[in-house]
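Given next are the chains, with one letter for each unit.
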Amino acid sequence: MTAPLHEPTAEAAPSAAEEAAVATAGAKAVQGRSLGRIAWERLKRDKLALSGGVIVLLLILVALFAPLIASAYGQDPDAYHESLIDPLFSTPKGSLGGISGEHWLGVEPVNGRDIFARVLYGARISLLVGFLSAIVAVVLGTILGILAGFFGGWVDSVISRVMDGLLAFPQLLFIIALVSVMPNDMLGLTGSSVRVFVMILVIGFFGWPYIGRVVRGQTLSMREREYVEAARSLGAGRFYILFKELLPNLVAPIIVYTTMMIPTNILTEAALSFLGVGVKPPTSSWGQMLSTAIDYYDSDPMYMIVPGVAIFITVLAFNLFGDGVRDALDPKGSR
Amino acid sequence: MGHRKTSGGPRSCGGPLAVLAYLIRRLFAAAVMLVVIILVVFCIFFLVPKWAGVDIASSFVGKQADPASVAAVREKLGLSDPIFVQVWHFFKGIFVGRTYSAGGDITHCAAPCFGYSFRTEQDVWPVLTDRFPVTLGLALGAAVLWLVFGVAAGVLSALKRGSLWDRGAMVIALGGVSLPIYFTGLLSLAIFSYGLGWIDGKYVPLTESFTGWLGGMILPWVTLAFLYAAMYARITRATMLEILGEDYIRTARAKGLKEQVVISKHAMRSTMTPILTMLGMDLGALIGGAILTETTFSLPGLGQAVLNAIKTQDLPIILGVTLITSLAVLIANLVVDVLYAVIDPRVRLA
């Protein structure tokens, strides 16, 4: 056994009043309710989590339809508007970073590209990397965690040591190092898509131990339960028990950790792009906009505020939603 | 959580001998880990480029170099040796120093030799020792701030659960964990350094001027601590709430202990366990992960060194910083493990 693990423990179980409300609701509906149903009913009452969820949904739509929205708005994210730039200071003319009816959030210093259009396109990179790297982490973490917990013995030892090792690594440094040694062209991809692909893999790879650890612990405690015993005595094979008996019971913690992992991944992507090892220009990304904004924090503060606020809103929405999902699915609250 | 309880149990917890055995086990694990990290780092920096078809020697010399000088560099730095030989030379260099030679061109790298940067024509070790104090100062200063404020806010929130203070603190904390450091850093620079002119914001070494050093570090400390304090407040609150519901707290109260004693003696001790784990991991990771803060505030620390090295493909520097950082993470975790055994006797048996 290793040092005790710190798992984000369940926060605030519902208060006594809420508990009573659940109890009366349960009494009214005589037929049993599924876990999903109970969770959804709790989530519906959590206004903060719901508003987070709505913002997340909106952001996904924005990312999906960014080109449509940009063309309706009438600005190309890569078009230069040098006429709007003050030649002396290379910052936008006018107040507040060149905000106007045509450029809602102003234009970039030096080349005058439209900030609103670039923020729209930046959402695509952030969400794409955030979601896909979480999926990589979940798939790896679930498979390896379930194997470690179920088989025990040397399988468990090897997988647990690898997880400990990965968690003890200075992750950001390794991610930067790995992303920077990857070639510029691979598997038929070029330019920014290589970087996006590599970021998804690397961030996902460093994320799986968090999920793997939880899944392992849950599997460990569940494999001795009576229902598994029952399945075994009925002659169920190992893989039947793994995938039909254990996996459905792991869905709740997996969902919780996935929703909490996405905002972290979005921040990591932004950090990588901020450090210049993420997507390459001219592809726009919020982190990259912030890294160019360093040079203008005094002369054109709007340029740093817009992508910064975009990251903040996105991550906050995911965090609110994730907290709500966790509270809703927390088995402790249902007792 | 589940497996900790099963390993604890009602057995007696052993004396100093058990602690010693535990320590030796952790030390051994840390040593193994360090060797693994060195191997992994070598693989990342020397094998991945090879698979990707990038020649390391020519990337050191530059793109326009003639084949002869590329070959000379390859021979001098031993880049054509098998990977295990290179790892061995590297290990040996750390303890006895190392001499690079090709023809008449000889460079000696003195005993703790962490490699030789061909690009900047200097040993890696002095670069590390130059940069380390800056990063260490940043990490330690911020850690003190975030521990004090984060844990205090979390405990208060848990004790006054549902109050205005609790809600307010948790909203701020949620905002804090959602804000990237390079954004809050830039904002604070724009406001306090440029806008109000209170702080100069330039880094001054501690050896030159204490007040200058404080002035340069205060903004990085506060912005970094804000981010972490938010996380610590959330975790402290959650842990404290869980622990206040435990039976032994009820027992302590039933014995007639003062609430103050119940909280500070009984509840705090258990609350500190997960906080310590986090502190160990975070402090260790910060030694390397301060890259973002150092870039935002242009602090000449390890993070900045490694970022510059990445931009110029200066592998020896990246390798050196990664190793030092990994070492810092390991040491931090080791210290935490030891503190653990002191705080929570159940751990010694695990």
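The structure presented is a predicted model; accordingly, all values stated were derived computationally and were not measured. Each residue is numbered by its place in its chain's sequence as written, counting from 1. Here the convention is simple: chains get letters from A, ligands get numbers from 1, in the order in which they are written. Residue-level local features of this predicted model are given only where pLDDT is at least 70; pairs of side-chain atoms are given and counted only at 80 or more, and the full residue set underlies all totals for whole chains, interfaces and linings.

Structural notes on the overall build of chain A
As a reminder of what qualifies: Secondary structure is summarised from DSSP: a helix means a run of H or I of at least four residues, a strand means a run of E of at least two, and numbering begins at the N terminus for each. Working definition of burial: number of other C-beta atoms within 10 Å of the residue's own, with buried at 20 or more, exposed at 12 or fewer, and partly exposed in between, all C-beta atoms being placed from the backbone. By definition, residues are in contact whenever their C-beta atoms, placed on the basis of the backbone, come within 7 Å of each other.
A tally of helices and strands in chain A yields 12 helices and 0 strands. Residues counted as buried form 47% of the 335 residues belonging to chain A. Residue pairs in contact within chain A that sit at least 24 positions apart in sequence constitute 74% of those at least 6 positions apart.

Things to note about helix H9 (residues 226-233) of chain A
Counting buried residues in H9 of chain A gives 0 out of 8 residues, a small share hidden from the surface. Phi for Gly 235 of chain A, located one or two positions after H9 of chain A, is positive at around 95°.

Focus on the domain arrangement of chain B
Residue and element names in this part refer to chain B. Rules: Each domain's extent was defined by an automatic or database domain assignment. Polarity classes work like this: nonpolar for Ala, Val, Leu, Ile, Met, Phe, Trp, Tyr, Cys and Pro, charged for Asp, Glu, Lys and Arg, and polar for all others, with Gly in that last group.
Its domain assignment divides chain B into domain 1 (16-109) and domain 2 (125-349). Contacts between the two partners involve 15 residues from domain 1, matched on the other side by 14 residues from domain 2. Elements supplying a minimum of two residues to the side of domain 1 that touches domain 2: helix H2 (16-51) and helix H3 (56-61). With 13 residues, H2 is the largest single contributor of residues to the side of domain 1 that touches domain 2. Each residue belonging to the side of domain 1 that touches domain 2 can be placed in one class, and the counts come to 13 nonpolar, 1 polar and 1 charged.

As for the nonpolar core
Put simply, the rule is: Core membership is restricted to buried Ala, Val, Leu, Ile, Met, Phe, Trp, Tyr and Cys residues, and these are joined into a nonpolar core through C-beta atoms within 7 Å.
Ranked by size, the top nonpolar core spans 172 residues in total, and within it Ile 175, Ile 176, Val 179 and Met 199 of chain A together with Ala 229, Val 306 and Ile 318 of chain B carry the most contacts. Two domains share this core, each providing at least three of its residues, namely domain 1 (16-109) and domain 2 (125-349) of chain B. In contact with Val 306 of chain B, not counting residues within four places along its chain, are Leu 173 of chain A together with Ile 291, Ile 317, Ile 318 and Val 321 of chain B.

Looking at the environment of Pro 87 of chain A
Residue and element names in this part refer to chain A. Inspection of the secondary structure assignment puts Pro 87 in the loop between helix H4 (66-73) and helix H5 (115-151). Owing to 7 C-beta atoms within 10 Å, Pro 87 belongs among the exposed residues under this scheme. For the pair Pro 87 and Val 110, spaced 23 residues apart in sequence, the C-alpha to C-alpha distance is 8.3 Å.

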